[in-house]
Amino acid sequence: MDFKLTPEQERFRADLRQWLDAHGPGDWGRIRSKLATREAQAEFLIAWQRKLHAAGYVGLHWPTTYGGRGATVLEQAIFYEEMARARAPELPNAIGLDMAGPALIAHATERQKQAHLPKILSAEHIFCQGFSEPNAGSDLAAVQTRAERKNGYYVINGQKVWTSYAHYANWCILLTRTDPSAPRHKGLTFFLVDMASPGFTVKPLRQMSGDAEFNELYFDNLEVPAENVVGRENGGSPSCSSWPRPAGGRAMP
Ligand SMILES: Cc1cc2nc3c(=O)[nH]c(=O)nc-3n(C[C@H](O)[C@H](O)[C@H](O)COP(=O)(O)OP(=O)(O)OC[C@H]3O[C@@H](n4cnc5c(N)ncnc54)[C@H](O)[C@@H]3O)c2cc1C
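Residues numbered from 1 in each chain as written. Predicted model: local features only at pLDDT ≥ 70, side-chain atom pairs only at ≥ 80, totals over all residues. Heavy atoms only, no water.

1. Some thoughts on the overall build of the chain
Turning to step 1, where the next piece is worked out: Secondary structure summary: the chain contains 6 helices and 8 strands in total.
Turning to step 2, where the next piece is worked out: Relative to the 2.2 N^0.38 estimate, which gives 18 Å for 253 residues, the radius of gyration of the chain is 20 Å and therefore close to what a compact globule would have.
Turning to step 3, where the next piece is worked out: For the C-alpha atoms alone, the extent of the chain along its principal axes is close to 55 × 50 × 30 Å.
Turning to step 4, where the next piece is worked out: Taken across its 253 residues, the chain has 44% of its residues classed as buried.
Turning to step 5, where the next piece is worked out: Looking at the chain alone, contacts between residues at least 24 apart form 66% of all its contacts between residues at least 6 apart.
Turning to step 6, where the next piece is worked out: Summed over its atoms, the accessible surface of the chain is roughly 13,400 Å², and 53% of this surface lies on carbon and sulfur atoms.
Turning to step 7, where the next piece is worked out: The average position of the 28 basic charges and that of the 27 acidic charges among the side chains of the chain differ by 2 Å. (Helix = DSSP H or I, 4+ residues; strand = E, 2+ residues; numbered from the N terminus. Rg over C-alpha atoms; globule rule 2.2 N^0.38 Å. Buried < 20%, exposed > 50% of the residue type's maximum accessible area, 1.4 Å probe, protein only. Contact = heavy atoms within 4.5 Å. Areas by Shrake-Rupley, 256 points an atom, 1.4 Å probe, with all protein chains shown as cover. Lys, Arg positive; Asp, Glu negative; His and termini not counted. Charge placed at Lys NZ, Arg CZ, Asp CG, Glu CD.)

Printed below as a string of structure tokens:
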């Protein structure tokens with residue numbers, strides 16, 4: 001296998017390096033130590049993502065239809081190398097860019113894609129990931145947060161933990177149990193949740209260092225529109241038949 005970059009990829013690297021030298025904020029470690037609160041850090045990071053987005057450097061391998069650059073994963077790898085070389089800050093919408101966005105590209109309706117994908121890139125919709133619970137960590141099939149369908153809504157009650165970025169996110173990808181009688185790897189549903197909805201509470205988890213990089217999420221009769229289900233009800237597991245799989249692939253047992 002030939003790992004040499006093509007002339008176009010080398011040019012991409014050179015252009016990016018030049019842009020970072022001219023417009024990058026410098027060493028994030030030093031900048032961070034001068035930003036006293038986590039709110040000030042979040043504000044700085046969001047402005048940084050928007051600057052990179054305006055220059056065309058966010059969503060490099062996302063489709064151009066949704067605001068990406070349509071490049072390959074190699075340009076994305078070069079991007080991370082150059083960001084590390086410049087000691088630039090990470091992008092604050094990591095969950096949106098690396099988890100929610102790719103899941104939506106693969107499984108969402110066109111309406112959901114149009115509503116979220118461009119805004120993930122521009123850091124208008126910042127996502128956090130509500131998967132882990134006090135009794136559901138490595139074993140995600142133990143999720144207990146309950147979602148019950150009532151007319152055009154689901155009513156959600158329960159708790160999540162270790163939620164990175166929730167203190168400045170405004171959207172959450174949320175895994176819930178919709179069918180408690182189903183085998184535990186089934187009966188799960190994946191939602192897009194607007195964190196400004198009544199009944200959604202974020203509580204910081206304070207570490208020994210005094211920092212609070214993680215959070216707990218609490219849901220108290222939180223109402224989420226049925227149109228915010230990604231895939232289908234009880235389809236929040238790769239073993240469900242509605243999930244696309246490679247041609248010739250078979251369903252998991
Ligand atoms: C920096 C950080 C950020 C995170 N951010 C998020 C987030 O934003 N959203 C979110 O949903 N979650 C987040 N998590 C949670 C994370 O993804 C895991 O779900 C969680 O850390 C694992 O659960 P647990 O701590 O309850 O450990 P457990 O699942 O209880 O595991 C405890 C120990 O048992 C071992 N173990 C577990 N099962 C088995 C097994 N079957 N066989 C052998 N050994 C086993 C594990 O390896 C581990 O050593 C974050 C975690 C970290 C560390």
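There is more to say, and it comes next.
2. Re the state of the cysteines
Turning to step 1, where the next piece is worked out: One pass over the structure, following the stated rule, counts 0 disulfides.
Turning to step 2, where the next piece is worked out: In this structure C128 is a free cysteine whose sulfur lies 3.8 Å from that of C172, the closest cysteine sulfur available.
Turning to step 3, where the next piece is worked out: Of the residues examined, C172 reaches a relative accessible area of 0% and is grouped as buried. (Disulfide = S-S within 2.5 Å.)

3. Remarks on helix α4 (residues 73-85)
Turning to step 1, where the next piece is worked out: In a regular helix each residue adds 1.5 Å, so 13 residues correspond to 18 Å; α4 covers 18 Å between its end C-alpha atoms and thus fits that length.
Turning to step 2, where the next piece is worked out: Among all positions in α4, only E75, Q76, I78, F79, E82 and M83 are buried. The arc enclosing the buried residues of α4, seen along the axis, measures out at 160 degrees, which places them on a common side. Seen from the buried face of α4, the exposed residues on the opposite side, beyond 90 degrees, are V73 and A84.
Turning to step 3, where the next piece is worked out: Buried residues along α4 sit against α1 (7-23) and α3 (38-54).
Turning to step 4, where the next piece is worked out: Positioned one or two residues after α4, R87 has a phi angle of 55 degrees, which is positive. (Expected span 1.5 Å × (residues − 1). Arc of directions from axis to C-beta.)

4. Some thoughts on the site of the ligand
Turning to step 1, where the next piece is worked out: The environment of the ligand is formed by Q129, F131, S132, G137, S138, W162, T163, S164 and F214.
Turning to step 2, where the next piece is worked out: Q129 is positioned such that a nitrogen or oxygen atom in its backbone is 2.7 Å from a nitrogen atom of the ligand.
Turning to step 3, where the next piece is worked out: For the ligand, whose free accessible area comes to 970 Å², the fraction covered by protein is 37%. (Near = heavy atom within 4 Å. Polar contact = N/O pair within 3.5 Å; in protein donor to acceptor, adjacent residues only side chain to side chain.)

5. Section: the packing of α1 against α4
Turning to step 1, where the next piece is worked out: Relative orientation of the contacting elements α1 and α4 amounts to 35 degrees, with a least axis distance of 10 Å. Crossing angle aside, the handedness with which α1 passes α4 is right-handed. Across the interface between the two elements, Q9, F12, R13, L16, R17, L20 and D21 of α1 pack against L74, E75, I78, F79, E81, E82, M83 and R85 of α4.
Turning to step 2, where the next piece is worked out: Looking at side-chain class alone, the contact of α1 with α4 contains 7 nonpolar, 1 polar and 7 charged residues. (Axes fitted to C-alpha atoms, helices over the stretch in contact; angles between N-to-C directions. Left-handed = near helix turned anticlockwise from the far one by under 90°. Nonpolar A, V, L, I, M, F, W, Y, C, P; charged D, E, K, R; others polar.)

6. Overview of helix α6 (residues 110-121)
Because each turn of an α-helix spans 3.6 residues, side chains separated by three or four positions in sequence point in the same direction.
Turning to step 1, where the next piece is worked out: An ideal rise of 1.5 Å per residue puts 16 Å on 12 residues; α6 measures up with 17 Å between its terminal C-alpha atoms.
Turning to step 2, where the next piece is worked out: By the burial criterion, the buried members of α6 are Q112, K113, H116, L117, I120 and L121. An end-on view of α6 places all buried positions within 125 degrees of arc, on one side of the element.
Turning to step 3, where the next piece is worked out: Looking at the buried side of α6, the elements it contacts are α3, α5 (94-107), β1 (127-130), β4 (171-177), β5 (188-194) and β8 (229-230).
Turning to step 4, where the next piece is worked out: Once α6 finishes, A123 follows within two positions and takes phi at roughly 65 degrees, a positive value.

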